[in-house]
Amino acid sequence: LIAAVVDSMSLQLQKRDTQLTLHLDAITDELEGDELHLSNVIYNLIDNAIKYSVNEPKITIETASSFSHINIKITDEGIGMTREQTKRIFDQFYRVPTGNLHNVKGFGLGLNYVQDIITQMHGKIKVNSEKDKGTTFEIILPI
Ligand code: ATP
Ligand code: MG
């Protein structure tokens, strides 16, 4: 599913000369959920990783699984956020004020949708970010 989303974004990734590294574990366990919504979740996180990077984005996607959960991490080396800013990013319409420095457009809805879908799949989403260093979003879903 992740590979298919990445394929569908090839033009967008190329346009920004994105360096994308995939470490996808072969996960044989089954997840219960909605395939289209889960694809949209991955899409939104990759879209953000591209948008909130300056110059050529460097993105890594890793998956891992345990007996009870699968884990998806999407890491970028973009503009990052302060801890204070990360507290609000899942709120509807919230966008970190970046002034004119990064003229990227959006509604502030993507992450609210992402969190909603992951919650409905009984999962969790976490964010770890450092200003000017980069950001990791981690999704944990029950098998
Ligand atoms: P859209 O509705 O088109 O997704 P958006 O990208 O602005 O618009 P969200 O995806 O909800 O909205 O993200 C909310 C805000 O969180 C963004 O505006 C940005 O400030 C911050 N943000 C999200 N992802 C990242 C990231 N990978 N690196 C740095 N900041 C991020
Ligand atoms: Mg977004």
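Just so it is clear, the model here is predicted, and its values are computed rather than measured.

A. Fine view of the site of ligand 1. Around ligand 1, the surrounding shell holds 22 residues, and the nearest of these are Arg 95, Val 96, Gly 106, Gly 110 and Leu 111. Elements supplying a minimum of two residues to the shell around ligand 1: helix H3 (35-51) and helix H5 (110-120). The greatest single-element share of the shell around ligand 1, amounting to 4 residues, is contributed by H3. When its residues are assigned to classes, the shell around ligand 1 shows 10 nonpolar, 9 polar and 3 charged.

B. Representation of the packing of H3 against H5 within the structure. Across the interface, H3 lies against H5 with an axial gap of 9 Å and an inter-helix angle of 145°. Seen from above, H3 lies across H5 with left-handed handedness. Where H3 abuts H5, its residues His 37, Val 41, Asn 44, Leu 45, Asp 47 and Asn 48 lie against Gly 110, Tyr 113, Val 114, Ile 117 and Ile 118. Residue classes in the contact of H3 with H5 are distributed as 6 nonpolar, 4 polar and 1 charged.

C. Focus on the sheet that holds strand S4 (residues 124-130). Overall, mixed pairing links the 5 strands, which are arranged S1-S2-S3-S5-S4 in an open sheet. Strands with a single pairing partner mark the edges of an open sheet, and in this sheet they are strand S1 (19-23) and S4. Along the sheet, successive strands turn relative to each other by an average axial angle of 10°, direction set aside. With 5 bridges joining them, S1 and strand S2 (residues 58-65) adopt parallel strand pairing. Bridge assignment links His 23 to a residue of S2, and that residue is Glu 62.

D. Structural context of H3. The terminal C-alpha atoms of H3 lie 24 Å apart, and with 17 residues this matches the ideal 24 Å at 1.5 Å per residue to within 8%. Three or more residues of H3 are buried, namely Leu 38, Val 41, Ile 42, Asn 44, Leu 45, Ile 46, Asn 48, Ala 49 and Ile 50.

E. Local environment of H5. The complete set of buried residues in H5 reads Leu 111, Val 114 and Ile 118. Angular distribution of buried residues about the axis of H5 spans 55°; they occupy a single face of the element. Opposite its buried face, H5 presents the exposed residues Thr 119 and Gln 120, each directed more than 90 degrees away. Here the buried face of H5 lies against H3, S4 and strand S5 (134-142). Looking one or two residues past H5, His 122 carries a phi angle of roughly 60°, positive in sign.

Thresholds, definitions, all that
- Residues numbered from 1 in each chain as written.
- Chains lettered and ligands numbered in written order.
- Predicted model: local features only at pLDDT ≥ 70, side-chain atom pairs only at ≥ 80, totals over all residues.
- Near = placed C-beta within 6 Å.
- Helix = DSSP H or I, 4+ residues; strand = E, 2+ residues; numbered from the N terminus.
- Nonpolar A, V, L, I, M, F, W, Y, C, P; charged D, E, K, R; others polar.
- Axes fitted to C-alpha atoms, helices over the stretch in contact; angles between N-to-C directions.
- Left-handed = near helix turned anticlockwise from the far one by under 90°.
- Contact = placed C-beta atoms within 7 Å.
- Pairing = 2+ DSSP bridges.
- Expected span 1.5 Å × (residues − 1).
- Buried ≥ 20, exposed ≤ 12 C-beta atoms within 10 Å, placed from the backbone.
- Arc of directions from axis to C-beta.

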